[in-house]
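# A structural walkthrough
Here is what each chain is made of, one letter per residue.
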Amino acid sequence: MKQGTLHRALCIVNRQLIIVAMATLVACTKAPVYTDSSASVEQRVEDLLKRMTLEEKVGQMNQLVGVNHIRMNDGVLTEEEILAHNALACYPGYTADSIEQMVQQGLVGSFLHVVTLTEANYLQSLALQSRLGIPILFGIDAIHGNAKFCGCTVYPTNIGVACSFDTAMAYRIAKETAQEMRACNMHWTFNPDVEIARDPRWGRCGETYGEDPYLVSLMGAQTVRGFEQNNVLSCLKHLVAGGQSSNGTNGAPTDLSERTLREMFFPPFQAGVAAGAGSVMMAHNELNGVPCHTNAWLMTDILRKEWHFHGFIVSDWIDIERVAAIHHTANDNQDAYYQAILAGIDMHMHGPEWQQAVVELVRQGKISEKRIDQSVRRILTAKFQLGLFEHPYATAEDSARICFSEAHQQTALQASEQSIVLLKNDGILPLQQEVWKGKHILVTGINADDANIMGDWTDPQPADHCWTVLRGLQESAPEIHFDFVNQGWDPRNMNPQQVQKAAQVARTTDLNIVVCGEYMARYRWHDRTGGEDTDRSDNYLVGLQEELIRQVAASGKPTILIYITGRPLSLPWAQDNLSAILYAWEPGQMGGKALARILWGEVNPSAKMAISVPYHVGQCQMIYNHKPSLALHPYVLGPTQPLYAFGEGLSYTRFAYSNAHLQNDTLFVDVSNTGEREGVEITQLYVHDDVASVTRPVKELKAFRRTALQPGQTVTLTFPITDDMLAFYTADNTLRVEPGTFTFMVGGSSKNEDLLKVVGSR
Ligand code: BGC
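Since this is a predicted model, take the numbers as computed values, not measurements. (Residues numbered from 1 in each chain as written. Predicted model: local features only at pLDDT ≥ 70, side-chain atom pairs only at ≥ 80, totals over all residues. Heavy atoms only, no water.)

### Some details on the pattern of salt bridges
Going through the model one piece at a time under the given rule, you end up with 40 salt bridges. For Glu 700, the salt bridge identified is with Arg 696, shortest N-O distance 3.4 Å. For Arg 696, a relative accessible area of 5% corresponds to the buried category. The salt bridge partner of Arg 736 is Asp 732, with a shortest N-O separation of 3.5 Å. Overlapping salt bridges, with partners in common, bring together Arg 204, Glu 207, Asp 456, Arg 522, Arg 528 and Glu 532 in one network. (Salt bridge = Lys/Arg side-chain N within 4 Å of Asp/Glu carboxyl O. Buried < 20%, exposed > 50% of the residue type's maximum accessible area, 1.4 Å probe, protein only.)

### Considering the nonpolar core
Counting 213 residues, the largest nonpolar core has Phe 111, Val 240, Leu 429, Ile 560, Leu 561, Ile 562 and Tyr 583 as the members making the most contacts within it. In terms of residue count, the dominant contributor to this core is helix H9 (residues 167-183) (seven residues). If you look at the next biggest cluster of nonpolar residues, it comprises 19 residues, including Phe 655, Leu 685, Leu 709 and Val 746. (Core = buried A, V, L, I, M, F, W, Y, C linked by side-chain atoms within 4.5 Å. Helix = DSSP H or I, 4+ residues; strand = E, 2+ residues; numbered from the N terminus.)

### A word on the packing of helix H11 (residues 258-265) against helix H13 (residues 296-306)
Relative to each other, H11 and H13 sit at 50°, their axes nearing to 15 Å. Judged by the angle between their axes, H11 and H13 are oblique. Crossing of H11 against H13: the hand is right-handed. Residue-level inspection shows Glu 258, Leu 261 and Arg 262 of H11 in contact with H13, the latter providing Trp 297, Ile 302 and Glu 306. In terms of residue class, the contact of H11 with H13 is made up of three nonpolar, no polar and three charged. (Axes fitted to C-alpha atoms, helices over the stretch in contact; angles between N-to-C directions. Parallel < 35°, antiparallel > 145°, perpendicular 65-115°, else oblique. Left-handed = near helix turned anticlockwise from the far one by under 90°. Contact = heavy atoms within 4.5 Å. Nonpolar A, V, L, I, M, F, W, Y, C, P; charged D, E, K, R; others polar.)

### Topic: the site of the ligand
Around the ligand, a shell composed of 15 residues is seen, among which Asp 141, Lys 237, His 238, Asp 316 and Glu 532 lie nearest. Within the side chain of Arg 204, an N or O atom sits 2.8 Å from an oxygen atom of the ligand. Within the side chain of His 284, one N or O atom sits 3.2 Å away from an oxygen atom of the ligand. Contact with the protein chains removes 100% of the 310 Å² of surface that the ligand exposes when unbound. A breakdown of the residues in the shell around the ligand according to their chemical character gives six nonpolar, four polar and five charged. (Near = heavy atom within 4 Å. Polar contact = N/O pair within 3.5 Å; in protein donor to acceptor, adjacent residues only side chain to side chain. Areas by Shrake-Rupley, 256 points an atom, 1.4 Å probe, with all protein chains shown as cover.)

So this is what it looks like as C-alpha cells:
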C-alpha cells in the first residue's frame, strides 16, 4: 500500500475509533435515570435499586441516632440501661467517627434524634459523598410542633388539640409544623400517635387524641393530611393498643378480642392510611401473645392486604431487639430481625448491629433479596417523593424566616385557647380586671412559672419564647400585684416550708391561683412524672401538691386550680371545695398567654374533655363508651361515674338544646345561646343500638359540630344518619347494620343529663 493511502486509511480508522470512544464516553457519563428529576418516581426507584449492592440495600432499611446524641452517651450507658431506655442511646463498639464512615459508605438510610440544622446538613453531606449519593431521610418526634429543635413553635400536645374538637386546627398545626421541619432539614415526623388512651396510669395519654375512636380518627387523619400535603412524611403509631396495657404501663402486654381491636383500636389507623400516611410504627407491646414487631397478622394481613397501605413500616426504638431480650420469642437479635422482616418490617429503629446480621440472613438464603427489595423500594419511593435528591439541604435563612413566625405563634395561641377545658366555675370567672386592679393575687404551684408548660417532646426553648402562667398574667394585667410563691419545678421534692409560705401569703391576698400537675420536660428524663415511660400506679397529684392546694384554700379566699398535665389527674376534693378548675393539659409555648386571656374573659373557653377522668384508678377502665353491664353491681363505696366525663366542659355563656327530631335519615336539633356573651358550643351526637346480636357500648360518638353563637341566637344543626354510624362487628364478626331501633343522643357532653334522646329505626 502506498504511503498516502495507508495514512488515509489510518486516519479513517482513528476517526472511527474516536467516534466509538466518544460514544462510549457519552453513554458512560449520561446521568443515571435515578438522578433525573423529570423521570417518574417509579423509574427512578427501579433504576437506583438495580445499581445497589445488598449491603447498600440493607443500610437503607436502617436508622441510627444522630452522632451528637451518640457522642453525648458514649461510654456512659450499660447494655441494660440502653435496652431499658426509650430516649438514650449509644452503640458499644462504634464511635461517632465510625458511624460517619458508615454514612459515607451509603450504609445508613435514616437518622433520628438529630436536633440541629448544622448536624443534619453535615450528615447529609456525608451521605451525598457515598457511591450512589442517596440522601438521608431525617426522622424526628415533631409531636406538637418541631419542638425538639430550639427556636421552633411549640403547640399544645395532641390531647389538648383533641379537646378543641377542631379538626381544621389539627390540620393547621401539622401544616405549620411541616413547614418548620423542612426549614430545619427534617423530613419525617413520628406523629400522629393515634392510639386510644383508655388508662390514665399510662404516661403517654397526652400524646394521643384521647379515648374515642371516632374523634381520634378524624384528628389523626387531618394531622396526616397536614403533614403529607406539605412535604413531610407522617407516621401512624403505635400499631397497636398500647393505650390499654396490663397495669397501664408502657409496652406491657395487651390481650384484646378481635372485635375490640376492630371497633376501638383499628379505626384511627385505617383512617390514617386512607388519608395518605406514608409510614406506620409498630407498638412496643405484645398483642394476644405475639409481639407487635413480629406480628404478620397486623403488618401483612391487616395493614397491607386489608387496608392497602403502600408506605413503609418502621420498628419502634430497639423493639425488634426486645423480641429476643424481653419477649423471648426469638433466640437472639438476628433471629428477631429475621422474624420482623418476614412479618413485614421495612425499617429498623435503630442501631448498627442490623447491617451485618441482615446481610448474613440474605446470604444464607433465609430471607430473599426480593423481600429486601420490597422494603427498599418503599423507602426510596418516600425519598424521591419528598424531593430529597433535589433538595437535600435546608438553610439557616429558611429556618430563621419560617420557624416561630408571627403567624405560627398566633396558631399556637389560638390552639391553646381552644384546648383549655373549664370544669368548674362558681361564678368567679371571668375575672374583671377593673375589680382586681390594685389587689393582690397569689400565684403558686410547680407549674406556675416553669417551661414544663410546653409539655412532653420538647427540648429547651429560648426563655422569651415561652409564656408561663405567671408571665401570661403579669403581662396581661400590669396593674395587679401577683404575689408569686415558688414551689420549684419538681413535684417529688417540694419544700414544706414553701407550702407554708404560700398558705401564709394566701391569708394576705384577695385571690389564689394554684398551677399544679405533672412534670413532663424530657430534658430531665429521670425526674419526670408525666409523658413517655412515666406510668403511675395512681392518678393523684404527686408530692405536696394536694397539701398546697388545701392549705392555700384554707385562707378562705377564692381559689382557682389549673392543671398542667398530659394524663387525667384527679382531685375530687378540689371539685367540691374550690371556686374554679381548669384543665389546661400541656398547652405549649403560648399556654400562659392563653390561660390569662381565658381568666380575664378575653376568650370564652369552649373545649370539652377528650378523655374521662376517673375519681381514682380503682375505677379503671373509666371510659364513656363502656358496655351496659359495667355498673350492674356498683361499688359499695365510692362513685361509679367519672369525676369528669368525656365531652364535658363549661363556657362563660350557657347553651340549651331543644327540638331534637329525626326526619328522613337526618337528625335535627336546635342549639341556643341562652347566656349573655358569645361562645362556641361543641355539640355531640351519640348512638346506641337498642337490641343487637352482641353487646353494644352504652353510647358511641358518631358526629360533632363546633358552632359559634351570639347571645340569644339559635341555630338548627343537622346530622345526616349514615350506615357507617350504625354498623358494628356483629356476632359473626362482619361489619354491618342490624335492622332494629337505635337511640340517638345529642347535646353538650356524654353525660345522660346533657343529652336529648330520639329513637329511630333502620
Ligand atoms: C417512642 C416512639 C418514638 C421513638 C423515637 C420511642 O421510645 O415509643 O413514639 O417515636 O421512641 O423517639
